[in-house]
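Structural overview for review
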Amino acid sequence: FLYFVFQPENLQKNWLREFYQVVHAHKPHFMALHCQEFGGKNYEASIIFAPPFIFSISSFSFRELLSSDAMKDYNRARVYLDENYKSQEHFTALGSFYFLHESLKNIYQFDFKAKKYKKVTGKEIYSDTLESTPMLEKEKFPQDYFPECKWSRKGFIRTRWCITDCAFDLVNIHLFHDASNLIAWETSPSVYSGIRHKALGYVLDRIIDQRFEKVSYFVFGDFNFRLDAKAVVEATMQTIRAADTNEVVKLIFRESDNDLFFNNLMPSKLFDYFNLFFFRDNNGTALLEFDRELSVFKDRLYELDISFPPSYPYSEDSSQGKQYMNTRCPAWCDRILMSHSAKELILKSENDEKIVIYDHIGPNVCMGDHKPVFLSFRIAAGAGKPIANVHKCCVVQ
């Protein structure tokens, strides 16, 4: 999985170099690339660059990626780009890219309308109105899920694949952010955590509903999971209130026992801290105890152990590849989660623990405000047979 905020003039070179390095190191045969907010977070303003800017997403993906030495052996591809920015009812700004190596035989993708698998051949791009594309399900979350955001693009895209008797769903997801540092701090868990919980639960219910056969699934994208701010900020605190309304407008913190100390915390985008080392020491593992949002779904979702630093919010200054911005508390927003049955599909070797790798990309260079995260693994031949009784089209090659 790769999360990428597209800024062609500053980031494309870095992004391609780091991406190719991962491809070269792991040599995947099936590659799924999930993007959120492609076209930029201010999409309506970014559209003034069309067609060169918006089209550069597809040309970037195919002409740059597939024409490179690193991608020359991927002879089939499917790309789904939600470019219909004028439709507030449906627009998600999600992009899902899938690349298949020439060595893979008999790869099938599910047609949700016809309710059957179709063999994947050639390279195809789908964009604009994805609602009419039967090879996926796309949905934007209802506006009342997050009323504070007037024009939310949060939602998900789902595709289904069958490879060597293994049928599985791949879900590109973008959940709601924290709109205010102060509101996020007020309760534990925060009100925003509750909103994300509701939205993710909705997606999982859709995946396993009765319309289609149940299969294993992988859900990956920007979950916007945040640390439990109230628990993190264990410090002496001074509250600054507005003179006229008595509303809390600012919090000032002093040094805490755990050496994590803050200057101040303001509602929108100021989370000013002194001790950056705390977030980077040992990949920030001391903060994992405050990463609690996934615990609600422990019976439905599994995640490999995190061994990389918080993926957000990094500086967008191209010269500051390791620097976090003082806007939000660093957190593991970008994740790759899976059903417990999907966990069983992953081939693990007692002799080589490196077969399954969960890591981030571009640790030392600017990749945007999020660091891309990836999962590399092998599927055991025939691992899906117990649940693939209707997928006789898929033969191990």
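Keep in mind the model is a prediction, meaning the values are calculated, not measured.

Observations regarding the overall build of the protein chain
A tally of helices and strands in the protein chain yields eight helices and 19 strands. In the protein chain, which comprises 397 residues, the share counted as buried stands at 57%. Relative to all contacts within the protein chain whose residues are 6 or more apart in sequence, the contacts with residues 24 or more apart total 68%. For the protein chain, the accessible surface area stands at approximately 17,700 Å², while carbon and sulfur atoms represent 50% of it.

Some details on the sheet that holds strand 6 (residues 123-126)
Sheet architecture is open: four strands sit in the order 1-3-2-6, paired in mixed fashion. The outermost strands of the open sheet, each flanked by one partner alone, are strand 1 (30-36) and strand 6. Ignoring strand direction, the axes of neighbouring strands in this sheet form an average angle of 10°. Of the pairings in the sheet, the one linking strand 1 to strand 3 (residues 94-101) comprises seven bridges and is antiparallel in character. Each residue of the ladder has a partner; that of L33, found in strand 3, is F97.

Some remarks on the confidence of the model for the protein chain
The predicted model of the protein chain has a mean per-residue pLDDT of 80, with 73% of residues at 70 or higher. Helix 3 (residues 52-66) is the least confidently modelled element of the protein chain, averaging 48 in pLDDT, while strand 4 (residues 108-111) averages 98, the highest of any element. Below pLDDT 50 for its whole length, residues 254-264 participates in 37 contacts with residues either more than four positions away or in separate chains.

Regarding the packing of aromatic side chains
Considering all chains together, one arrives at 24 aromatic pairs under this definition. These aromatic residues form a ring-pair network of at least three members: F30, Y80, Y98, Y126, W161, F168, F218 and F377. A cation sits over an aromatic face here: R160 above F110, 5.3 Å from the ring centre. Here the basic side chain of K230 rests over the ring of W185, its NZ or CZ set 4.4 Å away from the ring centre.

Focus on the environment of S96
With respect to the helices, strands and loops of the structure, S96 is situated in strand 3. Exposure remark for S96: the relative accessible area of 0% places this residue in the buried category. Ignoring sequence-local partners within four residues, the contact set of S96 consists of L33, H34, R78, V79, Y80, I157 and N172. A distance of 3.2 Å separates the side chain of S96 from the side chain of N172, its partner in a polar contact.

Describing the nonpolar core
Counting residues in hydrophobic clusters, the biggest one holds 43 residues, and the most contacted among them are W161, L170, L227 and Y358. Contributions of two or more residues to this core are made by strand 3, strand 8 (155-163), strand 9 (166-174), strand 10 (216-222), helix 6 (229-232), strand 15 (334-338), helix 8 (340-345) and strand 18 (373-376). In this structure, Y358 is in contact with E303, L304, D305, I306, S307, F308, D334, R335, I336, V373, F374 and L375, ignoring residues within four places of it in sequence.

Some words on the pattern of salt bridges
By the definition in use, this model includes 18 salt bridges. Where R17 meets E18, a salt bridge forms, and the shortest distance between an N and an O atom there is 3.7 Å. For R17, a relative accessible area of 32% corresponds to the partly exposed category. For E139, the salt bridge is made with R206, and the minimal N-O distance between the two is 3.4 Å. Remark: R206 occurs in helix 5 (residues 191-207) and E139 occurs in strand 7 (residues 137-140); sequence separation between them is 67 residues. Residues joined in a network through salt bridges with shared partners are E137, R158, R160, D169, D209 and R211.

Digging into helix 5
Helix length check: helix 5, at 17 residues, gives a terminal C-alpha distance of 25 Å against a target of 24 Å (1.5 Å per residue), a fit within 8%. Within the span of helix 5, buried status applies to Y192, S193, I195, R196, A199, L200, G201, V203, L204 and I207. Against strand 8, strand 9, helix 4 (181-186) and strand 10 lie the buried residues of helix 5.

A word on unusual backbone geometry
The amide bond that connects S188 to the next residue, P189, takes the cis arrangement and shows omega of 0°. Mapping P189 onto the fold places it in the loop between helix 4 and helix 5. That bond from Y312 to P313 is cis: its omega, 0°, falls within 30 degrees of zero. For P313, the position within the fold is in the loop between helix 7 (277-280) and strand 15. At N106, a position not held by glycine, the phi torsion is positive, near 50°. For N106, the location among the structural elements is in the loop between strand 3 and strand 4.

Describing the environment of R226
Its place among the elements puts R226 in the loop between strand 10 and helix 6. As a C-alpha pair, R226 and D291 span 65 residues in sequence and 6.7 Å in three-dimensional space. Among all residues touching R226, those that are not within four sequence positions of it are H177, D178, R196, F290, E293, Y312, R328, A331 and C333. Polar side-chain contacts of R226 include one of 2.7 Å to the side chain of N224.

Observations regarding the pairing of strand 5 (residues 116-119)
Summarising the sheet, strand 4 and strand 5 pair through four bridges and their orientation is antiparallel. Bridging from a neighbouring strand, D111 pairs with K116 of strand 5. Joining the antiparallel neighbours strand 4 and strand 5 is a turn of four residues, in which K115 adopts a positive phi near 60°.

So, the state of the cysteines
The full count for this structure, using the stated rule, is zero disulfides. C166 takes part in no disulfide bond, and the closest cysteine sulfur to it belongs to C162, at a distance of 7.6 Å. Residue classification places C166 among the buried positions, given a relative accessible area of 0%.

Calculation rules
The residue count restarts for each chain, going from 1 along the sequence in the order it is written. With the structure being a predicted model, the display of local features is reserved for residues of pLDDT at least 70 and the display and counting of side-chain atom pairs for 80 or more, all residues being used for whole-chain, interface and lining totals. Derived side-chain values reflect all non-hydrogen atoms in the structure, with water molecules and hydrogen atoms excluded from consideration. Starting at the N terminus, helices and strands are each numbered in turn, a helix being any DSSP run of H or I of at least four residues and a strand any DSSP run of E of at least two. A 1.4 Å probe rolled over the protein chains alone gives each residue an accessible area, and that area as a share of the maximum for its type sets the label: buried under 20%, exposed over 50%, partly exposed in between. What makes two residues a contact is simply this: any of their non-hydrogen atoms within 4.5 Å. Only the protein chains shown count as cover for residues, and the accessible areas themselves come from Shrake-Rupley with a 1.4 Å probe. A pair of strands is treated as paired once DSSP finds two or more bridges between them. As a rule, the C-alpha atoms of each element are fitted with a line to give its axis, helices using only the stretch in contact, and angles between N-to-C directions run from 0 to 180 degrees. Every residue carries a pLDDT, the predictor's confidence in it, which falls somewhere between 0 and 100. Pairing of aromatic side chains here covers Phe, Tyr and the six-membered ring of Trp, requires ring centres within 6.5 Å, and sorts the geometry by plane angle: under 30 degrees stacked, over 60 edge-to-face, intermediate tilted. A ring is scored as having a charge over it whenever the NZ atom of a lysine or the CZ atom of an arginine sits within 6 Å of its centre and within 35 degrees of its normal. Polar contacts here mean pairs of N or O atoms no more than 3.5 Å apart (in protein, one a potential hydrogen donor and the other a potential acceptor; neighbouring residues in sequence count only if both atoms are side-chain atoms). Nonpolar cores were defined as sets of buried Ala, Val, Leu, Ile, Met, Phe, Trp, Tyr and Cys residues, with membership established by side-chain atoms within 4.5 Å. Counted as salt bridges are all cases of a side-chain nitrogen of Lys or Arg within 4 Å of a carboxyl oxygen of Asp or Glu. A helix is expected to span 1.5 Å for every residue after the first. Note on terminology: disulfide denotes any pair of cysteine sulfur atoms within 2.5 Å.

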